[in-house]
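Observations on chain architecture
For reference, the chains in residue letters:
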Amino acid sequence: MKKEKYALLDTDFISKTHLIRKDEQNKMIDRIMEMQGYRFYCHEQIKIELTRHNIGNSPEWLDDKISQGYIHCTTDEEIIDELHAIYSNSAEAMYTSMLKNGCEAYKRGYFEENFTHLQALDYLTISKESFLRELKADCDEIGEGRNLGELKSYVLLQMLSTKPGGQIYVFCSDDKNARNGIVSLGGARCISVLSAFMRLNKDGNLSKKDAEPYIQAYLKERREHKQTTFRVHDTSKEMRMRRVSCEQVIEEMYAGKLEVLQNGDLRYKL
């Protein structure tokens, strides 16, 4: 049986690939959405954060894709409902456990320091409505700029992991710590902006020739940020990192010389 492909989109990935474009009508994120066999998700918090940053009209793009049904924007209540179908009255406790796991993947002690309302609950008697109210109270106190989108995505990832026979992909930040945090939660595979070009070539049938305008836009954006190299693992047992020019990495990707590790890093094939 063919595996379902669940794809989570995060704030950073959407905003960056929305700016990498051939022209106003053709953005890299549009090519991602055209890949066959993927069911795209984001947490409601990602929508909130994207609206807050408002980079290049990406919030309007996301709203449009959600309204057309291309992306399912999942709320905390929907996650609780999914967990109720599996864990019955333990759903709220399971959500909290998943949130704690996500916090630990992000920063040790973050849950204990910030989710004080959830820690005080009696999970044997709590109703869904009361739980969601206390969760919102904690999130409101945490406030902006504290990685709530990332943490809520970690919960969504774990909820999707309960579905049998699926493979989860997280189209995510280039931040290595964030990607390692995703891997620590289980079997999800990370796809960075760079490795997304390989995914587009494999699952989107986007040849190097057709991808060229997007490649050049991406390289231009990297140069503007003073980046001239990418870090790639070599073939040694220690998997040492090498700095390789951005242009060379792109060429070697399409030449089939590189593979993508679970955390989204690139490695030279043996």
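First things first, this report covers the structure right here in the doc.

Calculation criteria
Residues numbered from 1 in each chain as written. Predicted model: local features only at pLDDT ≥ 70, side-chain atom pairs only at ≥ 80, totals over all residues. Heavy atoms only, no water. Pairing = 2+ DSSP bridges. Helix = DSSP H or I, 4+ residues; strand = E, 2+ residues; numbered from the N terminus. Axes fitted to C-alpha atoms, helices over the stretch in contact; angles between N-to-C directions. Expected span 1.5 Å × (residues − 1). Buried < 20%, exposed > 50% of the residue type's maximum accessible area, 1.4 Å probe, protein only. Arc of directions from axis to C-beta. Contact = heavy atoms within 4.5 Å. Core = buried A, V, L, I, M, F, W, Y, C linked by side-chain atoms within 4.5 Å. Polar contact = N/O pair within 3.5 Å; in protein donor to acceptor, adjacent residues only side chain to side chain.

A short note on the sheet that holds strand β4 (residues 38–43)
- One open sheet holds the five strands; their spatial order is β5-β4-β1-β6-β7, and the pairing between them is parallel. The open sheet has two edge strands with one neighbour each: β5 (71–74) and β7 (189–191). Within the sheet, the average angular offset between the axes of one strand and its neighbour, ignoring direction, is 30°.
- Strand direction decides the pairing type here: strand β1 (residues 4–9) and strand β6 (residues 166–171), joined by six bridges, are parallel. From the neighbouring strand, L8 faces β6, where its bridge partner is V170.

Quick word on helix α5 (residues 76–87)
- For α5, spanning twelve residues, the distance from its first C-alpha to its last is 16 Å, which sits close to the expected 16 Å at 1.5 Å a residue.
- Along α5, the residues that are buried comprise D76, I79, I80 and L83. Each buried residue of α5 lies within a common arc of 100° when the element is viewed along its axis, so the set occupies one face.
- Buried residues along α5 sit against β4, β5, α6 (91–106), α9 (128–142) and α10 (148–161).
- Backbone geometry just downstream of α5 places S88 in the positive-phi region, at approximately 55°.

Description of the nonpolar core
- In this structure, L9, I32, F40, F171, V249 and M253 are the most contacted members of the largest nonpolar core, which totals 45 residues.
- Per element, the largest residue contribution to this core is six residues, and it comes from helix α12 (residues 193–203).
- Listed in part, the 38 residues of the second largest apolar core include I79, V155, V170 and L185.

Notes on the side chain of S15
- Topologically, S15 is positioned in helix α1 (residues 11–19).
- From its side chain, S15 meets the backbone oxygen of D12 in a polar contact 3.0 Å long.
- The residues touching S15, leaving out its near neighbours within four places in the chain, are L50, I55 and S58.

Side note on helix α11 (residues 176–184)
- Residues of α11 that are buried: A178, R179, G181 and I182. Buried residues of α11 fall within an arc of 155° about the axis and therefore sit on the same side. Away from its buried face by more than 90 degrees, α11 exposes N177 and S184.
- Looking at the buried residues of α11, the elements they touch are α6, α10, β6 and β7.
- Positive backbone phi, approximately 145°, marks G186, located one or two places after α11.

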